[in-house]
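Chain by chain, the residues:
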Amino acid sequence: MSLPTPYYQSDRATLYHGDCLAILPHLGKVDAVVTDPPYGVRLSKQSTKHRVRVGGYSSVSDDPETIVPLVRAVVLQCIQMANCVCLTPGTRLLQMYPVADDIGTVFMPAGAGMGRWGFNANHPILYYGKCPYLARGMGCRPNSVSATTWNRRRDAEHPCEKPLDWMVWMVVRSTASMDALVLDPFTGSGTTGVACIKTGRKFIGIEIDEKYCEIAAKRIQAAEQEAAQVLIGEGA
């Protein structure tokens, strides 16, 4: 298999519609992977003669025997492709991910979601590879952040869409310069792509569900139309 025709492409963004396990081997090196893999939702399992892949939302939960092994395979592949990988795994199956080089958190003082010990205020961030700032001799930065003012879009089309500020922070934290190339193999509705455009980074996304591909493409295109006016984040 070769790379499919991009679902959306511009000077700074490329979005593919398809199975990331099939597409990733045909991509080159990237500066960083920033992604929010599926967790805490009900996901279907699509089976073919050759592989099982993450599909749309239905009645099969993200249990250890279905979804997590697939996400783990993607993460291991991304570690080989990128200087650093930054991802949010959720808490329930955190221990099943590849052992991280560091762990941070997005802290929500008011809590978000109910756990067995009360409201979860901790959203872990797994880091793989070297901190891009330390690698460049640019000093230390926190590996965690408080999300006291971050809110999801009221009209979010994806059930697990992260706030844009959240993904902006992760993109900036994992790339020490503007113009870095960021990959998201679980693009969803495109929030990582929007964050990349708004911070001057370049973006490659992969999404298996065409419905969300269309949403992501429209959001990224809209962000590009605004990007010439204002860039946010750190750059070197």
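So, how was this worked out
- Residues numbered from 1 in each chain as written.
- Predicted model: local features only at pLDDT ≥ 70, side-chain atom pairs only at ≥ 80, totals over all residues.
- Heavy atoms only, no water.
- Salt bridge = Lys/Arg side-chain N within 4 Å of Asp/Glu carboxyl O.
- Helix = DSSP H or I, 4+ residues; strand = E, 2+ residues; numbered from the N terminus.
- Buried < 20%, exposed > 50% of the residue type's maximum accessible area, 1.4 Å probe, protein only.
- Pairing = 2+ DSSP bridges.
- Contact = heavy atoms within 4.5 Å.
- Axes fitted to C-alpha atoms, helices over the stretch in contact; angles between N-to-C directions.
- Right-handed = clockwise from strand over helix to strand, strands pointing away.

**Comments concerning the pattern of salt bridges**
Charged atoms that come close allow side chains of opposite charge to pair. Tallied over the entire structure, the rule returns 4 salt bridges. Lys162 is the salt-bridge partner of Asp36, the closest N and O atoms lying 3.0 Å from each other. Remark: Lys162 occurs in the loop between strand 11 (145-146) and helix 4 (164-174) and Asp36 occurs in the loop between strand 3 (30-35) and strand 4 (42-47); sequence separation between them is 126 residues. Exposure class is identical for Asp36 and Lys162. Each is buried. Two residues, Lys198 and Glu226, come together in a salt bridge whose shortest N-O distance is 3.2 Å. Of this pair, Lys198 sits in helix 5 (residues 191-198) while Glu226 sits in helix 6 (residues 210-227); the two residues are 28 residues apart in sequence, bridging distant segments of the chain. For Lys198, a relative accessible area of 22% gives the class partly exposed.

**Overview of the sheet that holds strand 11**
Hydrogen bonds between backbone groups are what pair the strands of a sheet, and the pairing can be parallel or antiparallel. On the basis of which strands lie adjacent, the open sheet formed by 9 strands has the order 1-2-13-12-3-6-10-7-11 and mixed pairing. If you trace the sheet from one side to the other, it starts and ends with strand 1 (8-9) and strand 11, each paired once. Pairing geometry for strand 2 (residues 13-17) and strand 13 (residues 202-207), over 5 bridges, is parallel. The residue bridging Leu15 from the neighbouring strand is Gly205, located in strand 13. Contacts from helix 2 (residues 67-81) reach strand 3, strand 6 (82-87), strand 10 (122-129) and strand 12 (181-184), with the element oriented near 145° to strand 6. Across the sheet, helix 5 lies against strand 2, strand 3, strand 12 and strand 13, angled at about 175° from strand 13, the strand it touches most.

**Re the pairing of strand 3**
Counting buried positions along strand 3 gives 5 out of 6 residues, so the element sits mostly inside the fold. Here strand 3 runs beside strand 6; their pairing, made up of 5 bridges, is parallel. Opposite Val30, over in strand 6, you have Ala82 as the bridge partner. Pairing geometry for strand 3 and strand 12, over 2 bridges, is parallel. Pairing of Ala32 across the sheet is with Val182, part of strand 12.

**Topic: the pairing of strand 13**
Burial analysis of strand 13 places 5 of its 6 residues in the buried class, which makes it a mostly covered element. Across 4 bridges, strand 12 lies against strand 13 in parallel orientation. Looking across to strand 13, one finds that Leu183 is bridged to Ile204. You can see the chain leave strand 12, run along helix 5 and come back into strand 13, and the turn it takes is right-handed.

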